[in-house]
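Geometric and topological summary
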Amino acid sequence: MKTKKSITFIAGAALMILMGSVIAQPTDESASKPSNDRRKAIKVGIITNELELTSAEAEKFWPVYNEFEKSKADLMKGHLEKMKKMKKEDKELTDAEYESIIETEMGFRQKMLELEKNYYGRFKSVVPPKKVAKLYEAEQKFMRNKKSYQKRNRKNKGQPEPPPPPPPQNPDPEHKK
């Protein structure tokens, strides 16, 4: 139990450090966006913290989750390339072209749902259903944090947020007046 708390504490501390480094980015617009590695580290921190995985669970869970993420990324990449090709020209689209775009989008969503259903079964085989539910919540939490960061970044036009005010200082009890 003590090891589990230590792992949770370490993951939480790492998450806080990573979140702080994301916020304190340079003012150059390209440098103000968190890198994929940093984004992945933040996501791993959130998931680790929320799921409270034991070492045995983590050993089985992460390979399956990483495979799931790669499959989702591959599916998304293919979909985005297809959509870019369909919308490439700056002309007015016909109803048939709009219909094709809508059908392509629905096909993509169906494939994504099938992928999620497949991996739901695989996740249940390595962690309890309660932790699978927590995984989905952690992913939503990560997306909310990501959107919030992007919104702040757009609002500040690439400027880093000012640091938070320092915590109030407790007066030294020996120097009370």
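Each remark here, short or long, concerns the structure printed above.
Parameters and conventions
Residues numbered from 1 in each chain as written. Predicted model: local features only at pLDDT ≥ 70, side-chain atom pairs only at ≥ 80, totals over all residues. Heavy atoms only, no water. Helix = DSSP H or I, 4+ residues; strand = E, 2+ residues; numbered from the N terminus. Contact = heavy atoms within 4.5 Å. Polar contact = N/O pair within 3.5 Å; in protein donor to acceptor, adjacent residues only side chain to side chain. Salt bridge = Lys/Arg side-chain N within 4 Å of Asp/Glu carboxyl O. Buried < 20%, exposed > 50% of the residue type's maximum accessible area, 1.4 Å probe, protein only. Core = buried A, V, L, I, M, F, W, Y, C linked by side-chain atoms within 4.5 Å. 1 Å grid on protein atoms, 1.4 Å probe; cavity = no way out; pocket = protein on both sides within 12 Å on 5 of 7 lines; lining within 4 Å. Points joined across faces, edges and corners; volume = space filled by probe spheres on them. Nonpolar A, V, L, I, M, F, W, Y, C, P; charged D, E, K, R; others polar.

Before going further, it helps to examine the environment of Glu50. Here Glu50 is to be found in helix H3 (residues 36-51). A C-alpha to C-alpha distance of 6.1 Å links Glu50 and Ala138, two positions 88 residues apart in sequence. Ignoring anything within four residues of it in the chain, the contact list for Glu50 reads Lys134, Ala138 and Lys141. One polar contact links Glu50 to Lys141, side chain to side chain, over a distance of 2.9 Å.

Right, let's talk about the pattern of salt bridges for a bit. As enumerated under the stated definition, the model contains eight salt bridges in all. With a closest N to O distance of 3.0 Å, Lys43 and Glu69 form a salt bridge. A residue pair is termed long-range when its members are at least 10 positions apart, and Lys43 in helix H3 and Glu69 in helix H4 (residues 55-86) qualify at 26 residues. Residue class for Lys43 comes out buried when judged on its relative accessible area of 13%. For Glu69, a relative accessible area of 22% gives the class partly exposed. For Lys141, the salt bridge goes to Glu50, with nearest N and O atoms at 2.9 Å.

To continue, consider the nonpolar core. By size, the foremost hydrophobic cluster in this structure holds 21 residues, and its most contacted members are Ile47, Leu51, Phe61, Tyr65, Phe123 and Leu135. Looking at this core, the elements with two or more residues in it are H3, H4, helix H5 (95-124) and helix H6 (129-155).

In this structure, the largest pocket spans a volume of roughly 940 Å³. As for the largest pocket, its lining consists of 22 residues, of which Lys43, Tyr65, Glu69, Lys72 and Phe142 are closest to the centre. For the lining of the largest pocket, the elements supplying multiple residues, two or more each, are H3, H4, H5 and H6. It is H4 that contributes the most residues to the lining of the largest pocket, nine residues altogether. Across the lining of the largest pocket, the residue classes break down as ten nonpolar, three polar and nine charged.

With that settled, the discussion passes to unusual backbone geometry. The backbone of Glu52 sits at a positive phi, close to 50°, despite the residue not being glycine. With respect to the helices and strands, the residue Glu52 is situated in the loop between H3 and H4.

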